[in-house]
Amino acid sequence: MSSLLFTLLVLGQQSPAHAELHPRDADLFVEASDVAGALDAYRAAPLLRFLRDEQVEDLAAQLGVSREAQSETPVRDAIVRLTRGFVAPELVPSLVRFSFSVTRPATDDGGYAGMLLVLDMASEDAATIVLERVLANTSEQQGVEASLESAAVFRMEPVTIPLWTGRDGARVFVGGGAMSPTDLAALRSDASTSFASNANMTRAAATFDAPVGATLFWLAQTQNAARTLRELDANVSLFGGTLEPLDTLPPLPFDPLGGPRVVRMQLFESQFVSEVFTPRTADATAHAGVDAKSLDRAPQGAMVVWAANSIDGFVEAFVASLATSGASEANLAAMRRVGTMLGPNAQGYALPISGLGLPKLFAWFDVTGDASAMQAQLIDACNALGEALPGVSARTRAYNVRNRESGDRREFEVTTITVPTELLVFGPLFSISPAFAVVDDKLLVGLRSTELKAELKRLFGGRDDGGQPTALLEAFEAQNAKVAEGAAAPSMVVLVDWNAQVRAALGLVETFGPLLGDSAAALKNVPPASVFERYFGPTVHIARPAAGGSYARHTASFGPETWLALARGLLAFFDPSTVALPTPAAAVPTDDEG
C-alpha cells in the first residue's frame, strides 16, 4: 500500500520533492525521485529485455555480457557509490529517494563549497541503520545544536572538510563545508531561500509538460557542472580522482555539462522521456516553426533526419574552427559574408553506415538574396583557404540530370572541394571531397561529390521511389501531437531510426563475416533485425522556444541503463578508489514494515 501511495505521489510531481531542502543558489542539484521506479525501469528497459531475449542470449554471453549486468545490480552499485556507501546494497530496497547539492562560495577566496546529501528511507529503523553507517568510520565526533535528532559533526577519510549528519524521522542528512545544520534549519523554516524558489527551477516547472510516468531523476545546474564537481572532488574525493581526465578534454560545441539547465527524466511505456529547460538571457530571433513537410525530402531508409528553423551560431562556430587552423582574416570575413546569406531554415539527413567509411550525409540551407552570387562568394572563400591550407581548392563543373520519365534536362553547377589526405582528421580510409550546389533557393551540401550528384539524380531524375522515412515521420507526428495547447511550434527536430542502422550493420556482417575466420564465431549467433525492432523504436528530439529560455523533449528507447553502462566502463578504466564501510548487524526493515 505504501508503494502505491508513493507512486501516485511521484506521478503528480511537477517539481523535485527535495527542492525545499537545498539552497536556492546551489550550483548543482540532483534528485533520484523514485529509487524503486529506477530499479523497475532498469529491469524493464528495452536494452536489458533485448539482451535477455532467447535469440540474443547466446551472443550476449559470448560477448561477455554477464547475467549480473542484465539485472538491477548495476543500479544498486551506482546508488551505493553516489551515496558514498552510506546506503549498503541490502539497504537500497528501503531507500525511497535521495538528493544531492553543491553550492560553491560566492567569491573565489579558497573557501569550502557547501554540500548536502538527503536520504529518504522507508522507515525510521532503516534511517537509524544508515546513520550508524555514516558514523562508523569517523573521528572527532561532537554534538551540535540543531533541529535534528542524533546530530554529530565528524571527519571521515579521505574527506578533508568537516561534515555533519543527523536524522529527522525517516530522513537522513549529511552535509559539510559551507553548509551547516543551522543553514538547513533556516531553509526548512523559509522556503523562499530554498532551491524550490530558484528562478531556473520555477521556469522549468512551469514549462515542462504534465508528468506522463514515474519521474526517475531531476538534474539542475547553474554553471559548468564538470568544474563544480572537480572542485568538490578535490576536498571530498567523491569520485576518487576519476574526474581529472575532464581537464584534458577539448571544449565541446554542445557541452551537456557546460551551462545552466534543468533536466527531468521519466519512464513511460518503455520509453524514456527526457525534458530539458535551458534559460536564455535574450529572446532568440523569431522564426516560423519547423514544417514537417521539409522532412519529406529524406529518402526511404534514412537513419537520421533533422530540421531547424534557425542556424544562428552555426556559421560563427565554423569560422571559429577555421581561425584555429590559420585562415587569414580576409578569408574569415569572406566566410562570414556567406553566412549572412544562409538561413534561417536548414534540413539534413544521413543514411546508415553501410561500408568502410563515413555515411552518406546531406544538408540543405535556405539562401537569402541572389543564390548564384552566394555560390560565387563561397567558391572564392574556399579557394582562398588554400593560402592557409595548401592543397585546398574548389572546382566547379556543370552536371546535367535527365528525368527518365519526362525526358527534361536540368543543369546544376556542382562545386567540389579538394582536401589533401594529410588534412583529414579521419585518415585516408575516410577520405571526403565536400561538394555543394545551388538548387532553386537552397544550398545542398554533401560529404562527397559523387554522392551529391547521385542525390540530385534521385530527386530530379525521376529515380526516387517515393518512399519516405515513414517510421520517423510517424514518430515525429505522434510526439508533436502531445505538445501542450498554446506551446510554440518546434524550432528543431531530430529523428533517429536505430533499426535502419541495425539492418545495414547486419548486411555488413553478412558481407565481411567470412573474412574474419575463427574470430567470427560469435557472429553466427547474430539475431535477425526483427528481434532488434521488437524492442527499440525511433528516437525523437523536439525543441521549441519557451518563456525565459528553450524547451527540449527527448523520447528514446535508450535511457539511464545505457549511460550507466558507459559510466561503469569509464569508472573501471580509471580504477577509482572505493569507500568500504562496515555493515551493522541490525536487520534491514522491508518496505512493508515501513
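Above: the structure in question.
What you see is a predicted model, and the numbers here were worked out from it, not measured in a lab.

Student: What is the right way to read the environment of Gly213 from this model?
Tutor: Within the element layout of this structure, Gly213 appears in the loop between α8 (199–207) and β8 (214–221). C-alpha of Gly213 to C-alpha of Phe268: the two residues are 55 residues apart in sequence and 4.9 Å apart in space.

Student: Just to check I follow, could you spell out the pairing of strand β20 (residues 549–556) for this structure?
Tutor: On a regular strand, one side chain projects to one face of the sheet and the next to the other, so that they alternate. Taking burial as the measure, the eight residues of β20 include seven buried ones, the bulk of the element. Two elements, strand β10 (residues 271–279) and β20, share eight bridges in a ladder whose sense is antiparallel. Bridge pairing links Ser274 to His554 in β20. Note: strand β19 (residues 539–546) against β20, seven bridges, orientation antiparallel. Looking at the pairing, His541 lines up with His554 of β20.

Student: Quick question: what am I supposed to make of the packing of helix α10 (residues 314–324) against helix α11 (residues 329–339) here?
Tutor: Each pair of packed helices can be summarised by the angle the axes make with each other and by the distance between the axes. At a minimum axis separation of 10 Å, α10 and α11 run at an interaxial angle of 165°. In terms of orientation, α10 lies roughly antiparallel with respect to α11. For the element pair α10 and α11, the recorded crossing hand is right-handed. Between α10, through Val315, Phe318, Val319, Leu322 and Ala323, and α11, the contact on the second element is made entirely by Leu332, Met335, Arg336 and Gly339. In the contact of α10 with α11, the residues fall into seven nonpolar, one polar and one charged.

Student: Could you clarify how one ought to interpret the pattern of salt bridges in this entry?
Tutor: It is possible for side chains of opposite charge to pair when their charged atoms get near one another. Applying the stated rule across the entire model yields 15 salt bridges. A salt bridge links Asp209 to Arg544; the shortest N-O distance between them is 3.3 Å. Pair noted here: Asp209 is in the loop between α8 and β8 and Arg544 is in strand β19, with a separation of 335 residues, a long-range link. One exposure class covers both Asp209 and Arg544, and it is buried.

Student: Looking at this model, I keep getting lost on helix α5 (residues 73–82). Mind explaining?
Tutor: Because the α-helix completes a turn every 3.6 residues, residues three or four places apart line up on one side. Pro74, Val75, Ala78, Ile79 and Val80 are the residues of α5 that are buried. Positive backbone phi, approximately 55°, marks Arg84, located one or two places after α5.

Student: Help me out: how do you make sense of helix α7 (residues 181–189) in this one?
Tutor: Along α7, the residues that are buried comprise Pro181, Leu184 and Leu187. The buried side chains of α7 occupy one side of the element, clustering within an arc of 115° when seen end-on. Of the exposed residues in α7, those oriented more than 90 degrees away from the buried face are Thr182 and Ser189.

Student: Hey, could you run me through the side chain of Ser550 in this one?
Tutor: Along the chain, Ser550 falls in strand β20. Discounting chain neighbours no more than four positions away, the residues touching Ser550 are Val276, Phe277, Thr278, Arg280, Arg544 and Pro545.

Student: Could you clarify how one ought to interpret the packing of aromatic side chains in this entry?
Tutor: Note on aromatic pairs: each is described by the distance of the centres and the angle between the planes. Within the structure shown, the criterion is met by 11 aromatic pairs. Seen from their ring centres, Phe50 and Phe536 are 5.5 Å apart, and the 65° between their planes marks the pair as edge-to-face. Note that Phe50 is positioned in helix α3 (residues 46–51) and Phe536 in the loop between α16 (529–535) and β19, a separation of 486 residues in sequence. Between Phe208 and Tyr551, the ring centres sit 6.0 Å apart and the planes meet at 55°, which makes this aromatic pair tilted. Of the two residues, Phe208 sits in the loop between α8 and β8 while Tyr551 sits in strand β20, which places them 343 residues apart along the sequence. Accessibility expressed as a relative area gives 1% for Tyr551, which makes it buried. Within the aromatic cluster, the residues linked to one another by ring pairs are Phe50, Trp498, Phe532, Tyr535, Phe536 and Phe558. Positioned above the aromatic ring of Trp364 is the side chain of Arg297, whose terminal nitrogen or guanidinium carbon lies 4.3 Å from the ring centre. Taking NZ or CZ as reference, Arg410 lies 4.9 Å from the ring centre of Phe460, over its face.

Reading the values: rules and limits
Residues numbered from 1 in each chain as written. Predicted model: local features only at pLDDT ≥ 70, side-chain atom pairs only at ≥ 80, totals over all residues. Heavy atoms only, no water. Helix = DSSP H or I, 4+ residues; strand = E, 2+ residues; numbered from the N terminus. Buried < 20%, exposed > 50% of the residue type's maximum accessible area, 1.4 Å probe, protein only. Pairing = 2+ DSSP bridges. Axes fitted to C-alpha atoms, helices over the stretch in contact; angles between N-to-C directions. Parallel < 35°, antiparallel > 145°, perpendicular 65-115°, else oblique. Left-handed = near helix turned anticlockwise from the far one by under 90°. Contact = heavy atoms within 4.5 Å. Nonpolar A, V, L, I, M, F, W, Y, C, P; charged D, E, K, R; others polar. Salt bridge = Lys/Arg side-chain N within 4 Å of Asp/Glu carboxyl O. Arc of directions from axis to C-beta. Phe/Tyr/Trp six-rings, centres within 6.5 Å; stacked < 30°, edge-to-face > 60°. Lys NZ or Arg CZ within 6 Å of the ring centre and 35° of its normal.

Remember, this is a structural readout, not a statement about activity or role.
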